[in-house]
Amino acid sequence: MSEPWAGGSFGERARCLLAPNPGLMTLDGTNSWVLTEPGASRSVVVDPGPIEDGHVDELDEQTGDVALVLLTHHHYDHSEVAVDLATRKDCPVRALDPAYCFDGDPLADEEVIDVDGLRLRVVTTPGHTADSVSFVVPAEGALLSGDMVLGRGTTVVAHPDGQLGAYFESIERMRSLAASGEVATIWPAHGPVLDDALGTLEYYLVHRRQRLGQVESALARLGVAVPDPDDDHLPRRVVEIVYQDVDESLWGAAEWSVRAQLAYLAERPV
Ligand SMILES: [Zn+2]
């Protein structure tokens, strides 16, 4: 692991409370973001996180009044204690997927949320999962990216829920927010904040296209013209070629991404 990450305060409106669930997929743990307009008494909590080691008690103690709990997507390391925290704070939970809402409406693309002067804009960014959303904090030039962009390395397209075509479109959409100057910094759901939003998003596009090119070369080596979605052994054989340079402990996650890439290549118009 490169630089250590423990959360902290960012800009005038954000605090990141790191959950105690470090791991292969969660990096240092889940970042629970607490956003408060200066002078306001109520906050918004984005991704309350997992049940591990009383993280919800920590959030409860550290936050005072909470007006709204938001989820970037349904994965349990983001959503597990959402209803518990919302019940303690007597507030709703909102997510894109109605199944994860509690006492609140599903989020809508381009919706502007205003809590005591704190403004957030919802941007639907499917790819990691179908229900992934990001939140722009215009006053901070920040983008809460959930798991679409991580503080280190790159993210996983969790196929079949996550789709590579959607992923490319979402990263492009985020890149244009950065290119227009609206977003300068990324506040991810795992790992450190990224102060070069544009550079990071461009790297994500280049990296994923490189991997896609490597998958195409691997398929050529294996003599496969168009991948068969029913071939259960193909993803692993491709991983063994493409991810030679990556630690084997990550091959499980790599296989998800390869499955997403094979599905993308199988459906791509020739
Ligand atoms: Zn996730």
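Residues numbered from 1 in each chain as written. Predicted model: local features only at pLDDT ≥ 70, side-chain atom pairs only at ≥ 80, totals over all residues. Heavy atoms only, no water.

**Things to note about helix α4 (residues 164-179)**
As a reminder, the rule being used: Numbering goes from the N terminus for both helices and strands, where a helix is a DSSP run of H or I of at least four residues and a strand is a run of E of at least two. Helix span, as expected, comes to 1.5 Å for every residue beyond the first. Only protein chains enter the accessibility calculation, which uses a 1.4 Å probe; a residue is then buried when its area is under 20% of its type maximum, exposed when over 50%, and partly exposed in between. We call two residues in contact whenever any of their non-hydrogen atoms come within 4.5 Å of each other.
Over its 16 residues, α4 extends 22 Å from the first C-alpha to the last, a length consistent with the 22 Å expected when each residue adds 1.5 Å. When we look at burial in α4, the residues that qualify are Leu 164, Tyr 167, Phe 168, Ser 170, Ile 171, Met 174, Leu 177 and Ala 178. Where α4 is buried, its residues meet β8 (118-124), β9 (133-137), β10 (142-146), α5 (197-221) and α7 (251-267). Gly 181 lies just past α4 and shows a positive phi near 90 degrees.

**Looking at the packing of α5 against helix α6 (residues 234-242)**
For clarity, the cut-off: Helix axes are fitted to C-alpha atoms over the stretch in contact, other axes to C-alpha atoms as well, and angles between N-to-C directions run from 0 to 180 degrees. These descriptions rest on fixed angle ranges, namely under 35 degrees for roughly parallel, over 145 for roughly antiparallel, 65 to 115 for roughly perpendicular, and the rest for oblique. Working rule for handedness: look at the near helix, and if it is turned counterclockwise from the far one by less than a right angle, call the crossing left-handed; if clockwise, right-handed. Amino acids are sorted into nonpolar (Ala, Val, Leu, Ile, Met, Phe, Trp, Tyr, Cys and Pro), charged (Asp, Glu, Lys and Arg) and polar (every other residue, Gly among them).
Taken N-terminus to C-terminus, the directions of α5 and α6 make an angle of 110 degrees; their axes are 9 Å apart at the nearest point. Here α5 lies roughly perpendicular to α6, going by the angle between them. The handedness of the crossing between α5 and α6 is right-handed. Between α5, through Arg 211, Gln 214, Val 215, Ala 218, Leu 219 and Arg 221, and α6, the contact on the second element is made entirely by Leu 234, Val 238, Ile 241 and Val 242. The residue inventory of the contact of α5 with α6, partitioned by class, reads seven nonpolar, one polar and two charged.

**Description of a nonpolar patch on the surface**
The condition is simple: Here the term patch refers to residues with relative accessible area over 30% and no salt bridge, with like charges joined within 9 Å and nonpolar side chains (Val, Leu, Ile, Met, Phe, Trp, Tyr) within 5 Å. Only the protein chains shown count as cover for residues, and all accessible areas are computed by the Shrake-Rupley method using a 1.4 Å probe. Salt bridge, as used here: a side-chain nitrogen of Lys or Arg that lies within 4 Å of a carboxyl oxygen of Asp or Glu.
On the surface, a nonpolar cluster with roughly 380 Å² of combined accessible area is contributed by Leu 24, Met 25, Leu 250 and Trp 256. Mapped onto the secondary structure, Leu 24 falls in the loop between β2 (14-18) and β3 (31-35). By relative accessible area, Leu 24 is classed as exposed at 53%.

**Points about the coordination of the zinc ion**
Defined as follows: Each metal site is built from N, O and S donor atoms within 2.8 Å (3.2 Å for Na, K and Ca), and since water is not included, such sites may look incomplete. Only two sets of limits are used to name each site, 85 to 135 degrees for every angle of a tetrahedral four-donor site, and over 155 degrees for opposite donors with all other angles from 65 to 115 for a square planar four-donor or octahedral six-donor site, with any other site named irregular.
Only His 73 (NE2), His 75 (ND1), His 128 (NE2) and Asp 147 (OD) from the protein reach the zinc ion as donors, at distances of 2.2 Å. The coordination sphere of the zinc ion comprises four donor atoms, whose angles at the metal cover 90 to 164 degrees; the geometry is irregular. Sequence positions of the donors to the zinc ion reduce to the motif H-x1-H-x52-H-x18-D. One end of the pair, His 128, is in the loop between β8 and β9; the other, Asp 147, is in the loop between β10 and α4, with 19 residues separating them in the sequence.

**Structural notes on the sheet that holds β3**
Rule in force here: Following DSSP output, two strands are said to pair if at least two bridges run between them.
Read from one edge to the other, the open sheet built from six strands follows the order β1-β2-β3-β4-β5-β6, with strand pairing classed as mixed. Every interior strand has two partners, whereas the edge strands, β1 (8-10) and β6 (93-94), have only one. Judged from the two bridges that link them, strand β5 (residues 65-70) and β6 form a sheet pairing that is parallel. Bridge pairing in β6 links Leu 70 to Arg 94. Docked against the sheet, helix α1 (residues 55-63) engages β2, β3, β4 (42-46) and β5, running at close to 155 degrees with respect to β2. Across the sheet, helix α3 (residues 82-89) touches β4, β5 and β6, and the angle it forms with β5 is around 155 degrees.

**Describing the domain arrangement of the chain**
For clarity, the cut-off: Per the annotation, domain bounds derive from an automatic or database assignment of domains. Each of two parts loses accessible area, computed with a 1.4 Å probe, when they are put together; buried area is these two losses added.
As far as domains go, the chain holds domain 1 (8-197) and domain 2 (208-267). Counting from both sides, the interface comprises 13 residues of domain 1 and, opposite them, 13 residues of domain 2. A buried area of about 1200 Å², summed over both sides, lies between domain 1 and domain 2, and 71% of it is on carbon and sulfur atoms. Among the residues of domain 1 in contact with domain 2, His 159, Leu 164 and Phe 168 are the three that bury the most area, contributing 47% of the side total. Applying the counting rule to domain 1 against domain 2 returns one salt bridge. Between Glu 172 and Arg 209 there is a salt bridge, and its shortest N-O distance comes to 3.4 Å. Here the side of domain 1 that touches domain 2 is composed, by residue class, of eight nonpolar, four polar and one charged.

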